[in-house]
Every structure is written in structure tokens, then in C-alpha cells.
Amino acid sequence: MKFQLLGPVTVRCGAESLPLGPGKQRALLVALLLDRGHVVPMERLLEVLWDGEPPNSAVSNIRTYASRLRGTIIDGWRRPRVHGRTPGYLIEVDDDELDTAVFANLAGAGHAALADGKADRAATYFRDALDLWHGAAGEDVPRSRCLDRRLSALDEQRLVVVEEWINARQQTHGDADLIADLRQLTESHPLRERLWGQLVLALYRVGDVGAALAAFQRARTVLIEDLGVEPGPDLVQLHQAVLARDPALGGPVAHPRALRRPVGAPRPVVTIWTPRELPVTAPTLIGRDREVASVVATVATRCGEGTVPAGEPVGMPAGVPAGMPTVVAIHGPSGAGASAVAIRAATELIPVFPDGQLYADLRTAGAAQVLGWFLRALGTPAGQVPSDVEEAAARFRSASADRRLLVLLDNATDEAQVRPLLSATSGSAAIVTSARKLAALDATAHVEVAPLGDDDAIRLLATLSGTGIRSAANPSLQTLVELCGGLPLALRIVAARLASAPDVPLERIAAELVTERHRFRALSCGDLRISYRSAA
């Protein structure tokens, strides 16, 4: 079987193209293929298909779509590929059956060949990888915000490979053949400075210095008008080299091998950056002082440097070797605020980790994509990021060695999703959040974030709504607190509604929460919304 995401979504069994049904059914298939071999939870599928606003029939609809796909996608041995597995669904697809996996493998082979100075071979690998594309990734599938992030990442990977393919061809001095392609690419992607640099270099090498300088000026104009920034240092240095007619740029009479990296020459130096990627911490965090202080104290006790607030370390199993990395796993039901606790604690721990802080939301990205983000954040050029998860994880462990890094992994589904993203050094730490306790994770400590008690829930409502709610004896207020289940997210939504419409009586909102068919609307305000499971 062949599964194609790089363009219109297609599944073929032999020469037959299988019918994949309506848009949301195809979107479900894409979501499963992007995480092939892993169970995709129902909650994530609801977000993928309905952008956080599923109808009451959403779970039933997903089951219907999955059943149809299971009956349609059957291989030559009559085996269905789609399976229901708690807490969602998975699809079984081999590497050589999925075009995204083939693309990643070919791209990885191209990067390796280029690093070894084999530009001809690298160009062939990159060209074969690009030949797999027949349009934008999943171009015929309706895109939710969640799905758009994943598919846009594939489109970004395609552009990186395009740039590396051009780089490989320029190392074999194929500049004249590239100019038309580069002009089209810079028009289609005018904010990618590397493409402009490649066009400038190609024009200079064929002897058209004026056109090379004009291309730089065009790039500068676009960047200033669209982004309000000057060109970056690489493009500026290239411009200066063209003005100086620097012999290092080569020329139309240069030997084809002149610009290749000599055998035994050092590989390009990786620039070391200091990433600061933590999200903005919630300004109001009520009823979570103990949990935050415990996480901070546990990490600070293990890593032992910096000035942090005092607290009581929690849940540290006996006999944890001192040289092991610190992992604190925070768990709690959806909407309970595990992420808010983690972000607040990580923010307070910034002084302990001077080499940077990394962040990833695992609801919307797999391990390979996150490792790519992390490696690039640590200074690894995009073209040198391995496509294989195990190789990328090893590269991340090497890049993070001898650094004091804090990694925040938010909304993990299971332990397997987390393990490749952990550093192996004792000076670094990871904070992981999840809905369920990741009991099989080798964590230094597990911290539970439970729903708020009534007093803290009322205080949160009063603080955020600005309505002066105080009396716990108010029956409508008591009803609101009970129906929100002590979940800070639900309470924040109700408080936001009260703040935006102070004339709406508490009784009306309480009545909406009591009525199940109105509950999801009642627990939505702006971009805040409770998950379908919590609302139901």
C-alpha cells in the first residue's frame, strides 16, 4: 500500500486509489498518519477535526469515520490498517509505505552526503525527496489550527530541502541552471533570506554582478517593507563580498570542485544559542503555591545552583543517583492547571539554568518535530538536523551535554512520547505535564495537581472577574463552583464571561452549566474553552 500526504491525500492498494470519504474523514486519516504506529487520543482527534468546538455528536462522528476508514483501508492480505485502541485510534503503516517517511529518509541521506562532501550524490537524494511532492501537504483536507501546524511543518521541511538541494547543486557549479528556479522561489517565498542569498551567488557566478546586486536590494526592500527588519548578517556579508569581488565566491571559470569542503577539513561550526522559549506565566495563580514551591524545590535541590524560592521537595524516590538528570512529572485532569503550575515553576527556575529553557506542546507535535525545534534552538543548522528520531535524540543529548538546560514538555500523552526528548546530563532538568500519571517514566518526582477546593475556587472567580464575588453562601455561586468541578480553566472561563458581561446574573450562567446541551457554550469565552470531555 502507498499513503500520500505530500499533496492531495491519497491511499493506493496496488493500482487502485481507495475512496477516503468527506473532508473530516480524510482529516482523521491525516491525523492518524502523522502519528502512525501510536495511539492518537480521542481528545486530540476532537481538536484536530473541530478546532476545539466539537458538536455533541463529535465522538460518535469520529467512531463512524474510523469505522469507514477501517473498512476501506485494507491491504492485499485483507488486513485493516486502522484500529481502535484505548484511548483513541491508531494506523499501522510501514516506513516505505508513507511518503512523508520516505521523504525524511531521502532528506537525511542527502544531508549526510553533503556533510561528507559528496554534493553530486546529495543533490540526487534531495531531488528524489522533492519529487515526492505534488502540492502543499494535505492540500485537500480542511485544516484546523492543530492540523495546520503539523502540515505547515511538513511544508517548511520541503523548503529546507529545496534550499539544501540548491546548495548541493551550487557546490557542483550548476549556477546557470538554477537562476530561473531561484527567481521563482524568491517570488513565492520572499522572506526566506537563504533563497535570496543563493540567487545573489548564482547571478554573481555567471558574471551578472549588476543583477546580483539588484537581487540583494530587492531582498532588502521586501524584508524592510514586510517585516520592518534589515537583512541578516549572512546576506549582508554576501553582499559585501560581491561588492569586493571576493575570490572566495568563485566565478564562472572556477573549477567545479573548487568550493567543495576538502577531505578531512573541519565540518561547519555549530553556533551556540541561549534559547528562552518558556511561555508567559499566568499572572494569577491561586491555590497552587504548594505545588509550584514543591516543583521548584525538587529541581533546585537536585541541580543545586542559583537563587530560587524555598519549598519542600516532593515525591523523590529513594536511591536516585546524583548524576542522573532531573525529571519532574506533573499530572492532573484536563483543565486542572498542570501546565500553569509547570510554567510558573519553570519561570522561577530560570536563574538555575543559564544555558537556556526549551518548551514544546506535545499535543500538536511528535518527537521528530520537537527534536528539530530543540536542535535548531541550540544552534544546529536546519540542514544538519537528522530526520530519524533516534539519531535526532542522540544529537540532542550531545548538543545539551555540558549545558544547564531546562526543558518543559507540556501535555504529554504517554511515556514513549517523552523519553527521546530528555537530556542525559545531571546539570539539566525536565518538567513534564500530562493528564494521567506517567507512572512508567523514570521521574525524579511525581506531582499531582488536583481540582481546587471551594475557597480557592471562589477566590479565583472573584479575582479574575472583578465582580466582588465573596459570599460562599450565595447558592448560585456555589452551583457555579460545583459545576466547574474545581477546574481552574473552567473557573477562568466563567470569570471571563462575568468580567465581559457584569450585568449577566450568576443564575443565568449557572443554569447554562446545569443544562448539558448548553454546557459547552457556557464553558467557552474568546480563545478559552474547556475540552469536550470536561464539558460533557
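Residues numbered from 1 in each chain as written. Predicted model: local features only at pLDDT ≥ 70, side-chain atom pairs only at ≥ 80, totals over all residues. Heavy atoms only, no water.

J.: How should the environment of Ala101 be read in this particular structure?
T.: Mapped onto the fold, Ala101 is located in helix H4 (residues 99–115). Accessibility expressed as a relative area gives 8% for Ala101, which makes it buried. Along the backbone, Ala101 and Ser387 are 286 residues apart, and their C-alpha atoms lie at a distance of 8.9 Å. Other than its neighbours up to four places away in sequence, Ala101 contacts Arg36 and Asp95. (Helix = DSSP H or I, 4+ residues; strand = E, 2+ residues; numbered from the N terminus. Buried < 20%, exposed > 50% of the residue type's maximum accessible area, 1.4 Å probe, protein only. Contact = heavy atoms within 4.5 Å.)

J.: Hey, could you run me through the pairing of strand E8 (residues 357–361) in this one?
T.: A regular strand places its side chains so that they alternate between the two faces of the sheet. E8 sits mainly inside the fold: 5 of its 5 residues count as buried. Burial along E8 is two-sided: the residues Gln357, Tyr359 and Asp361 and Leu358 and Ala360 are all buried. One ladder, built from 5 bridges, connects E8 with strand E9 (residues 406–412); its direction is parallel. Within E9, the residue paired with Gln357 across the bridge is Leu406. (Pairing = 2+ DSSP bridges.)

J.: Would you mind showing me how to read the pattern of salt bridges here?
T.: A side chain with one charge can pair with a side chain of the opposite charge if their charged atoms come near. Summed over the entire model, instances satisfying the criterion amount to 21 salt bridges. Residue Asp148 pairs with Arg143 through a salt bridge whose shortest N-O separation is 2.9 Å. Overall, the relative accessible area of 30% leaves Asp148 in the partly exposed class. For Arg459, the salt bridge goes to Asp456, with nearest N and O atoms at 3.1 Å. (Salt bridge = Lys/Arg side-chain N within 4 Å of Asp/Glu carboxyl O.)

J.: Whenever I open this one, the side chain of Thr10 confuses me. Can you help?
T.: Here Thr10 shows up in strand E2 (residues 10–13). A polar contact of 3.3 Å, which involves the side chain of Thr10, links it to the backbone oxygen of Pro8. Not counting residues within four places of it along the chain, the set of residues in contact with Thr10 comprises Lys2, Phe3, Gln4, Ser17 and Leu20. (Polar contact = N/O pair within 3.5 Å; in protein donor to acceptor, adjacent residues only side chain to side chain.)

J.: Quick question: what am I supposed to make of helix H5 (residues 119–130) here?
T.: One turn of an α-helix holds 3.6 residues; hence residues three or four places apart share an orientation. Given a rise of 1.5 Å per residue, 12 residues ought to cover 16 Å, and the 16 Å separating the end C-alpha atoms of H5 matches this to within 8%. Among all positions in H5, only Ala119, Ala122, Ala123, Phe126, Ala129 and Leu130 are buried. Along the axis of H5, the buried residues cluster in a sector spanning 125°; they form a single face. Elements in contact with the buried residues of H5: H4 and helix H6 (145–171). (Expected span 1.5 Å × (residues − 1). Arc of directions from axis to C-beta.)

J.: How do you make sense of the packing of aromatic side chains when you look at a structure like this?
T.: Pairs of aromatic rings are described using the distance from one ring centre to the other and the angle between the two planes. On inspection of all chains with the given rule, the structure shows 2 aromatic pairs. With a centroid separation of 5.6 Å and 40° between ring planes, the pair formed by Phe374 and Phe396 is classed as tilted. With Phe374 in helix H13 (residues 367–377) and Phe396 in helix H14 (residues 389–400), this residue pair connects regions lying 22 residues apart in the sequence. As far as the burial class goes, Phe374 and Phe396 line up, both buried. Sitting above the plane of the Trp165 ring, Arg127 keeps its charged end 4.7 Å from the centroid. (Phe/Tyr/Trp six-rings, centres within 6.5 Å; stacked < 30°, edge-to-face > 60°. Lys NZ or Arg CZ within 6 Å of the ring centre and 35° of its normal.)

J.: Where do I start with the nonpolar core in this structure?
T.: Where a protein is soluble and globular, its nonpolar side chains tend to be buried together. Membership of the largest hydrophobic core comes to 82 residues, with the highest contact counts inside it found for Phe3 and Leu29. Sort the elements by how many residues they give to this core and H6 lands first, with 9 residues. For Leu29, the residues in contact, after removing those within four places along its chain, are Val9, Val11, Leu20, Leu69, Ile73 and Ile91. Core analysis: the next-biggest nonpolar cluster, separate from the first, contains 44 residues, Ile286, Val292, Val295 and Ala342 among them. (Core = buried A, V, L, I, M, F, W, Y, C linked by side-chain atoms within 4.5 Å.)

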